[in-house]
Amino acid sequence: MGKGKGSFAVVPLICVLGLSGAEQRDLERAAGPRAAHTLRATPGGPSLRVSAELDGPATPMDYGDCGPGARREPGLQGEVPMSAQRSGDSAKGYQCNVRRVGSNVVGLRGQNFQLAWYEDCAYVSTVGIQAITGALGEPDPALDGIAALDVSDPLGSGPKLTDIVKSPVAKSSHEAIEVNARRGLLVTTQGGLIAQYIEVYDVKTDCRHPRFLGRYDAGIPLFHGLRVADDGRTVYGTDTFGLTGAGQMLHAVDISDPTRPTRLLTWDPITLSPPKQYASHDLEISDDGNRLYLGTAALSAVVGLAIGGPSKADTPSLAILDSSEVQARKPGAKLHELSTLDLPNFGHTVQRIRVAGKPYLLVSGEAPIGGGQECPWAWGHIVDISDERHPKRVSDLRLQVNQRRHCAATSADGGAIYSIHYVGVDSEQDTRYVFYTYYTGGLRIFDVHDPAHPTEVGYYQPPPTPGTTFIAASPFTPDAHSGVLDNTTSVVRFRPETGAIWLVSVNSGFQVLQLTGKLARQRLTVRLTRVAPATALRRGRLQVRASCAQPCRGTVQLRVGGRRTATRSVVLGVGGATTTALTLNARARAVLRRRPTARVAAVFIARDRLTGDGAQRVRTARRALGGR
């Protein structure tokens, strides 16, 4: 991305700051001797190992006809070429096998950045430069804060802005914002890029209007990212910049009582024996809370990004920690490093997935802004963690814009950024589709049903919205002001019951997408377990297994002698399956006693809203289980 019109450029995320000399000295003083030394020791930015991996193959494309209303991107895979920007063609956006069906520009404020959600509500944060730029804050204070939106009717009235959540202690939650669905808690940092506070809000009572519950004060600005354990009791916050000194790079905070968040422990790899030195931007937590998967980088890389250069130093990109003692609230609990993995990109974002029952992680990097010297930008990796002590990379998720051979072309595209930022999946437990927000490259959809050989099957580069607020010194100033580019930056939500995709772009705010083309033309299939009526008479229950080749909402029915006797509603994701038990009622068992040869049938009625024209499609699959 190019520089803004202020005296310095702001680079997204971790040190993505093009700092002036005075500002760099301020950061050094805040960081303390260790980080200040690291800053001075890397005047040219972090070194990057030169290897053939930097020009490895791009992920194969398998788009089909791209579906109705498609606008194919005019350049390389993921590129918005300068010619398209100058002609105004890029202002119309590009799409393949996906289209926008609803949106809300959040008052045309611009700077929209991160996304969280609870049921039919969405929460949108801002880019979070206010804490750094001081007086260059949001020109409209009414729009400064976390936007809450009602998305219960995205295809009808559309997403509606219902509230702006404002913290009295700080501005901007930047990208550290997450909802724990089990407890209905919205957890976020407050204070921008380097935040001092973690706040907890109730969204279960009324998700359209989050209610403040409690605040954790770290005492100094330090938090950049966070993640909440699935049980909703523990928040792990990352001190990406290492501003608190040795031993405090990762913070565990107890929110069992959300009105009184309490620190459990702090941890830093410098306390290991022998000591290690790396920072953590993002992390993932296992569903049982016993493992942490850290996206990592050296402090030299983190701070060195401030003055440009590629996104990887010679340090781990992934660290796997045993967090079982913290999860069990063991007295004197500690975190234990199990393994690390080195990848071509630093560990910016981590997402767990499971394919055919096997566990993997998506680990991706992020390149800074530096006038093209960050090329070939950053891409994603699929990592096998079946053996957590020996994780291994099995494939890459890389676009043509991430190939070194194309650096001359992509570096000429002005303010375009061609790095992965955040991620979403169709299902963590049965993953087929991975959704990456790729800054200027837009939303990219990858099919990973064969993790060793992924393919890209769709994309969406949003059209920028004219008239959004112009923020001096914003990293997205050239894009938002020119009206020819937008940047998708948020995590992605996929709703399997409807097939809707939720995401945020800096310029055009909150958006709801729908799959089209080949992604919406999958056949509905059903598999039903054969069970003899004798078993049904004896136990009165049948196990029915149903599966959809795309997201669907369905109803499984049992029919005895042609009459419906039991039903069960199911919701399935892409490639998902469900096994449900249906109980025959007394009437059905009486029929079988009188007519032992009566036919027992299972029927799966699936409703699909993902057809290209948006119409609802209904298909029925039936299987007779036979009589005696």
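Residues numbered from 1 in each chain as written. Predicted model: local features only at pLDDT ≥ 70, side-chain atom pairs only at ≥ 80, totals over all residues. Heavy atoms only, no water.

## So, the overall build of the chain
Using the following cut-off: Helix and strand labels come from DSSP, where a helix needs a run of H or I of at least four residues and a strand needs a run of E of at least two; each type is numbered from the N terminus. Accessibility here uses a 1.4 Å probe with only protein chains present; expressed as a share of the type maximum, an area under 20% marks a residue as buried, one over 50% as exposed, and anything in between as partly exposed. Only heavy atoms matter for contacts: two residues are in contact if any of them lie within 4.5 Å across the pair. For the area figures, the Shrake-Rupley method with a 1.4 Å probe applies, and any residue is considered shielded solely by the protein chains shown.
Along the backbone of the chain there are ten helices and 38 strands. For the chain, with 628 residues in total, the buried portion stands at 62%. Sequence-distant contacts, at least 24 apart, represent 62% of the contacts inside the chain between residues at least 6 apart. For the chain, the computed accessible surface area is about 22400 Å², with 49% contributed by carbon and sulfur atoms.

## What to know about unusual backbone geometry
The omega angle of the peptide bond from S273 to P274 is 0 degrees, so this bond is cis rather than trans. Mapped onto the elements, P274 comes out in the loop between β16 (262–267) and β17 (279–285). One non-glycine residue, N97, adopts positive backbone phi at about 65 degrees. Structurally, N97 is set in the loop between β3 (94–96) and β4 (98–104). Residue classification places N97 among the buried positions, given a relative accessible area of 0%. Its identity as a non-glycine residue notwithstanding, Y439 has a phi of 50 degrees, on the positive side. Turning to its location among the elements, Y439 is positioned in the loop between β26 (433–437) and β27 (443–447).

## Let's talk about the side chain of Q557
When you line up the elements, Q557 lands in strand β34 (residues 552–560). Excluding anything up to four places from it in sequence, Q557 contacts R564, A566, T567, L582, A601, A602, V603 and I605.

## Things to note about the state of the cysteines
What counts, and what does not: Throughout, a disulfide means two cysteine sulfur atoms within 2.5 Å of one another.
For the coordinates displayed, the defined rule picks out three disulfides. What pairs with C66 in a disulfide is C96, and their sulfur atoms sit 1.9 Å apart. One disulfide, between C66 and C96, carries an S-S torsion of -80 degrees and so falls in the left-handed class. You can see C66 sitting in the loop between α2 (33–41) and α3 (82–87) and its partner C96 sitting in strand β3, a full 30 residues away along the chain. Exposure remark for C96: the relative accessible area of 0% places this residue in the buried category. Disulfide pairing is shown between C375 and C407; the S-S distance is 2.1 Å. Across the disulfide from C375 to C407, rotation about the S-S bond amounts to roughly -95 degrees, and the bridge is consequently left-handed. Placement of C375 in the loop between β22 (358–364) and β23 (380–384) and of C407 in helix α7 (residues 407–410) is noted, with a sequence separation of 32 residues between them. Assigned by exposure class, C375 and C407 land together as buried.

## Quick notes on the environment of C121
In this structure, C121 sits in strand β6 (residues 121–126). Here C121 falls in the buried class, since its relative accessible area comes to 2%. Not counting residues up to four positions away in its chain, the partners in contact with C121 are A116, L149, C207, R208 and W502.

## Remarks on the sheet that holds strand β24 (residues 392–397)
Defined as follows: Only strands that DSSP links by at least two bridges are regarded as paired with each other. Convention adopted: a line fitted to C-alpha atoms gives each axis, helices being fitted over their contacting stretch, and angles between N-to-C directions are expressed from 0 to 180 degrees.
With antiparallel pairing, the four strands of this open sheet are ordered in space as β21-β22-β23-β24. Strands with a single pairing partner mark the edges of an open sheet, and in this sheet they are β21 (349–355) and β24. Across the sheet, the mean angle separating the axes of adjacent strands is 25 degrees when strand polarity is ignored. The sheet contact formed by β22 and β23 spans five bridges and is antiparallel. Opposite S364, over in β23, you have G380 as the bridge partner.

## Details of the packing of aromatic side chains
Rule in force here: Any two of the Phe, Tyr and Trp rings considered here, Trp counted by its six-membered ring, make a pair once their centres fall within 6.5 Å; the pair's planes then place it as stacked at under 30 degrees, edge-to-face at over 60, or tilted in between.
Summed over all chains, the structure comprises seven aromatic pairs. Ring centres 5.3 Å apart and planes at 80 degrees place the aromatic pair Y63 and Y459 in the edge-to-face group. You can see Y63 sitting in the loop between α2 and α3 and its partner Y459 sitting in strand β28 (residues 455–461), a full 396 residues away along the chain. Comparing Y63 with Y459 shows no difference in burial state: the two are buried.

## Here's the deal with the environment of T271
The condition is simple: Two N or O atoms count as a polar contact when they lie within 3.5 Å, although within protein this holds only if one can serve as hydrogen donor and the other as acceptor, and sequence-adjacent residues are included solely when both atoms are side-chain atoms.
Topologically, T271 is positioned in the loop between β16 and β17. Residue classification places T271 among the exposed residues on the basis of a relative accessible area of 51%. Taking C-alpha positions, T271 is 9.6 Å from Q248, a pair spaced 23 residues apart along the chain. A distance of 2.6 Å separates a polar side-chain atom of T271 from the backbone oxygen of D268.

## Let's talk about the pairing of strand β25 (residues 422–425)
Neither face of β25 is exposed, since Y422 and G424 on one face and V423 and V425 on the opposite face are all buried. Here β25 runs beside β26; their pairing, made up of four bridges, is antiparallel. Bridging across to β26, V425 finds its partner in V434.

## Focus on helix α10 (residues 586–594)
Rules: It is the directions from the helix axis to the C-beta atoms that the arc portrays.
Those residues of α10 that fall on the buried side of the exposure criterion are A588, V591 and L592. When α10 is viewed along its axis, its buried side chains cluster within an angular range of 95 degrees and face the same direction. Opposite its buried face, α10 presents the exposed residues A586, R587, R593 and R594, each directed more than 90 degrees away.

## Things to note about the confidence of the model for the chain
So the rule is basically this: The pLDDT value tells you how sure the predictor is about a given residue, anywhere from 0 up to 100.
Predicted confidence across the chain gives a mean pLDDT of 79, with 73% of residues reaching 70 or more. This stretch, residues 476–481, has a pLDDT under 50; its non-local contacts, to residues over four places away or in other chains, come to 26 contacts. Considering only residues more than four positions removed or in separate chains, one finds that residues 609–616, a stretch of pLDDT under 50, has 25 contacts.

## Details of the nonpolar core
Which entries qualify depends on this criterion: In plain words, nonpolar cores are sets of buried Ala, Val, Leu, Ile, Met, Phe, Trp, Tyr and Cys residues tied together by side-chain atoms within 4.5 Å.
Ranked by size, the top nonpolar core spans 37 residues in total, and within it L362, L397, V434, Y436 and F446 carry the most contacts. The residues contacting F446, other than those within four sequence positions of it, are T59, L397, L399, R432, Y433, V434, Y436, T455, E456 and V457.

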